[in-house]
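An overview of the molecular structure
What follows is each chain in one-letter form.
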Amino acid sequence: MGNQKEIIALSDQYLMRTYGRLPLALVRGQGLNVWDADGKRYLDFVSGLAVDSLGHCHPRVVAAIQNQASQFMHCSNLYHIEPQARLARLLVENSALDRVFFCNSGAEAIEAAIKLARKYAKKKHGPERYEIISAYNSFHGRTLAAITATGQTKYQQGLEPLPEGFRYVFFNDLDSLRSAIGPHTAGILLEPIQGEGGVNVADQKYLQGVRRLCDEHGLLLILDEVQCGLGRTGRLFAYEHFGVTPDIMTLAKALGGGFPIGAMLATEEVASGFAPGDHASTFGGNPLACAAGLAAVQTIIEINLVRQCERVGTYFLRRLREMQDRYGFIKEVRGKGLLLGMELTIKAGGIVTRCRERGLLINCIGDYTLRFIPPLIVTEADVDAALDVLRAALDEESEG
Ligand SMILES: *Cc1c(COP(=O)(O)O)cnc(C)c1O
């Protein structure tokens, strides 16, 4: 294994330049900690972007993967796959949805949701119903359809022509949505909490209003819980905060406990929009990914991680808000559970660097917002340790 400098040089020479990577090569993780190739340890409040909710290398996930890998790693969806069916049952029994399609990522789950929404709406209401309305500042992934559903032009530039049948509304603005609904509308796609777009929490009244508009106009409510789902907001699914249920829901990030897997869930009625042959994925729902997912979701439920996340998240939010008194450049602290953002009036990148130098990984979204998405296994003491580092970084920043 190379040292950090060697790994970075190799990476810079051979990989496509799709990422603006930080000068850090991580090689090992355990619980809340990760280590770089030179042996330095970091407290990880990024969690592989809300993936490692159980911390790194959770023993139950590791054991499930090891067992399944030695028994049967891949099986085509030409056949029935037990771990896939069992993971589907677990998700259905714990959500408001009835059927599951498995894929390999969040973008693929969104792609599946868009296809199902079109299929269902055309069958139910006629061929003119195909349009998906989504929100500005949303993020739904990087495939051509998912990036078109993403209401941020910066990600779309240079990719034109984009697929047709998408339009955008302002988040948390019911009037904007009402006036966008037309004869072509099939469904409304929203994140209950916009993650990548700045940790923007939907108002309860807004989401309830969206649900009502969907019911009035025969539209599908598609909730993207790829980032906020599976416990991160202090509920197993974020929609539970709002007193609404979706017709279609997408999951990915935390679903596999670190292993790649995505899922698209729908009600029985809406799932009827797909017939055999309408959608497929070679790797989707393979035994290895589903064994990992089964272990991850079972563990999240059995150790009551959702309750812990709510408790520690509430504490973390309060402590972050208290910091507003001391640092004038903190504009707002927002979020739910352990999906928290701190918007600054100064650029946030320098603070991320200062935290990293002091052994804490956080990230920033856009130029001004710090995001905190630690593993859900963090305790108040871990949060205190992270806050000590953050305070030191902010002090340094205010001194210039
Ligand atoms: C990360 C994310 C996606 C895309 O997931 P990928 O696995 O990167 O394709 C989609 N929706 C939301 C809300 C996300 O946070």
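Within each chain, residue numbers correspond to sequence positions counted from 1 in written order. For this predicted model, a pLDDT threshold of at least 70 governs which residues receive local features, and a threshold of 80 or more governs which side-chain atom pairs are given and counted, while totals over whole chains, interfaces and linings are taken from all residues. The side-chain figures draw on all heavy atoms in the structure; neither hydrogens nor water molecules are used.

Attention now goes to the overall build of the chain. Under the scheme used here, helices are H or I runs from DSSP no shorter than 4 residues and strands are E runs no shorter than 2 residues, and both carry numbers assigned from the N terminus. Summing up its helical and strand segments, the chain has 14 helices and 17 strands in all. Only C-alpha atoms enter the radius of gyration; for comparison, a globular chain is expected to reach 2.2 Å times N to the power 0.38, where N is the number of residues. Computed over the C-alpha atoms, the radius of gyration of the chain is 21 Å, within 12% of the 21 Å expected from 2.2 N^0.38 for a compact globule of 400 residues. In terms of principal-axis extent, the alpha carbons of the chain reach across some 60 × 55 × 45 Å. Remark: exposure states derive from per-residue accessible area (1.4 Å probe, protein chains only) relative to the maximum for the residue type, with buried under 20%, exposed over 50%, and partly exposed in between. Counting across all 400 residues of the chain, residues that qualify as buried make up 55%. The accessible surface values rely on the Shrake-Rupley method and a 1.4 Å probe; as for residues, cover is taken only from the protein chains in view. Surface exposure of the chain reaches about 17,900 Å², of which carbon and sulfur atoms provide 51%. Asp and Glu count as negative and Lys and Arg as positive, but His and the ends of the chain are not part of the count. Positions of charges follow a simple convention, taking NZ of Lys, CZ of Arg, CG of Asp or CD of Glu. Charged side chains in the chain number 42 positive and 45 negative. The centres of these two groups are separated by 0 Å.

For this document, the term salt bridge refers to a Lys or Arg side-chain nitrogen within 4 Å of an Asp or Glu carboxyl oxygen. Enumeration according to the criterion identifies 24 salt bridges in this entry. We note a salt bridge from Glu269 to Lys124, for which the minimum N-O separation is 3.5 Å. Taken as a pair, Glu269 in helix H10 (residues 268-271) and Lys124 in helix H5 (residues 106-125) lie far apart in primary sequence, 145 residues in all. Residue class for Glu269 comes out partly exposed when judged on its relative accessible area of 42%. What you see here is one network of salt bridges that share partners, running through Arg318, Arg319, Glu322 and Asp384.

Attention shifts here to the sheet that holds strand S4 (residues 99-103). Should DSSP find at least two bridges between two strands, the strands are taken to pair. Pairing within the open sheet is mixed, and its 7 strands lie in the order S4-S12-S11-S10-S7-S5-S6. If you trace the sheet from one side to the other, it starts and ends with S4 and strand S6 (166-169), each paired once. Between one strand axis and the next, the sheet turns through 20° on average, direction left out of account. Pairing geometry for strand S10 (residues 220-224) and strand S11 (residues 248-251), over 3 bridges, is parallel. Bridged to Ile222 within S11 is Ile248. Along the sheet, helix H9 (residues 204-217) makes contact with strand S7 (185-190) and S10, crossing S7 at roughly 165°. Working convention: axes come from line fits to C-alpha atoms, limited for helices to the stretch in contact. Angles between N-to-C directions cover 0 to 180 degrees. Contact criterion: two residues are considered in contact whenever any of their non-hydrogen atoms come within 4.5 Å of each other.

Expected helix span is taken as 1.5 Å per residue step, with the number of steps being one fewer than the number of residues. The first and last C-alpha atoms of helix H14 (residues 380-399) sit 28 Å apart over 20 residues, in line with the 28 Å expected at 1.5 Å per residue. Of the residues making up H14, those classed as buried are Val383, Ala386, Leu387, Val389, Leu390, Arg391, Ala393, Leu394 and Glu397. Buried residues belonging to H14 abut strand S3 (41-44), helix H12 (305-322), strand S13 (330-336), helix H13 (349-357), strand S15 (360-361) and strand S17 (369-372). One or two residues past the end of H14 sits Gly400, with phi positive at roughly 85°.

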